[in-house]
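Residue-level structural notes
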Amino acid sequence: NDLADVLTDNEEYSLEAKLRSDMDSTSTQIVVVTIKSVGEYVINDVALKILREWGVGQKGKDNGVVILAAMQDRKIWISTGYGVEGALPDLLCKRIIDQYIKPNFKKGSYAEGFSQAIDGIHKALRGE
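What you see is a predicted model; the values in this text were computed from it and never measured.

The rules we used
Residues numbered from 1 in each chain as written. Predicted model: local features only at pLDDT ≥ 70, side-chain atom pairs only at ≥ 80, totals over all residues. Heavy atoms only, no water. Core = buried A, V, L, I, M, F, W, Y, C linked by side-chain atoms within 4.5 Å. Buried < 20%, exposed > 50% of the residue type's maximum accessible area, 1.4 Å probe, protein only. Helix = DSSP H or I, 4+ residues; strand = E, 2+ residues; numbered from the N terminus. Contact = heavy atoms within 4.5 Å. Salt bridge = Lys/Arg side-chain N within 4 Å of Asp/Glu carboxyl O. Pairing = 2+ DSSP bridges. Axes fitted to C-alpha atoms, helices over the stretch in contact; angles between N-to-C directions. Parallel < 35°, antiparallel > 145°, perpendicular 65-115°, else oblique. Left-handed = near helix turned anticlockwise from the far one by under 90°. Nonpolar A, V, L, I, M, F, W, Y, C, P; charged D, E, K, R; others polar.

Before going further, it helps to spend a moment on the nonpolar core. Judged by nonpolar contacts, the single largest core of 25 residues is most densely connected at I67, I78 and I121. Every element with two or more residues in this core is listed here: α1 (9-26), β1 (29-35), β2 (64-70), β3 (75-80), α3 (90-106) and α4 (110-125). Ignoring any residue separated from it by four or fewer positions in sequence, one finds I121 in contact with I30, V65, I67, I78, L88 and I96. The next biggest cluster of nonpolar side chains, apart from the first, holds 13 residues, and it includes V31, V33, V46 and V56.

By the secondary structure assignment, Q58 is in the loop between α2 (43-53) and β2. When the C-alpha positions of Q58 and S27 are compared, they lie 7.5 Å apart, and in sequence the two are 31 residues distant. Once residues within four sequence positions are removed from consideration, Q58 is found in contact with S27 and N63.

Glancing now at the pattern of salt bridges. Tallied over the entire structure, the rule returns five salt bridges. Across the salt bridge formed by E16 and R20, the nearest N and O atoms sit 3.0 Å from each other. Of this pair, E16 and R20 both sit in helix α1, four residues apart, roughly one helical turn. Here K49 makes a salt bridge to E53, at a shortest N to O gap of 3.4 Å. Of this pair, K49 and E53 are both found in helix α2, four residues apart, which corresponds to roughly one turn of the helix.

To continue, consider the sheet that holds β3. Taken in spatial order, the three strands of this open sheet run β1-β2-β3, and their pairing is mixed. Taken across any chain shown, the strands that pair with only one partner, and hence form the sheet edges, are β1 and β3. The sheet shows a mean angle of 10° between the axes of neighbouring strands, direction not considered. Of the strands in this sheet, β1, β2 and β3 are in contact with α2, which crosses β2 at around 135°. Along the sheet, α3 makes contact with β2 and β3, crossing β3 at roughly 140°.

Here we come to the pairing of β3. Of the pairings in the sheet, the one linking β2 to β3 comprises six bridges and is antiparallel in character. Bridge pairing links A70 to K75 in β3. Between β2 and β3, which pair antiparallel in sequence order, lie four residues; one of them, R74, sits at a positive phi of approximately 60°.

The relative placement of two packed helices is expressed as an angle between their axes plus a distance between the axes. Where α3 contacts α4, the axes come no closer than 7 Å and their chain directions differ by 155°. On the basis of the axis angle, α3 is roughly antiparallel to α4. Here α3 runs over α4; the crossing is right-handed. Across the interface between the two elements, L92, I96, Y100, I101, N104 and F105 of α3 pack against Y110, E112, G113, F114, Q116, A117, G120, I121 and A124 of α4. The residue inventory of the contact of α3 with α4, partitioned by class, reads 10 nonpolar, four polar and one charged.

As structure tokens, then:
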């Protein structure tokens, strides 16, 4: 959901295909959302609201993940459902943001940042 319109159509298609393939093989649902700004809200609250209101993850497993980027605010957050919290604690999510998303975003490579973050999340979920 590229609401900030920072990805090309091809990049959106590639990310969506990757996410669908990963969801089919792992059952964890990851959603990438870009918005222009969170306004006066705290980004982690907005990401959690998206996770809950959009119903990200499987019912009963609560295994959803939301990667939210507020582009104008230059803020990024990864919010997790309770079912994946053990494998993806906040500290690890911050590390994924710092290692994969931020360096790519600084180069304007938004799709690559999201793609690498998704790979990092999957490694964590597999216990790597």
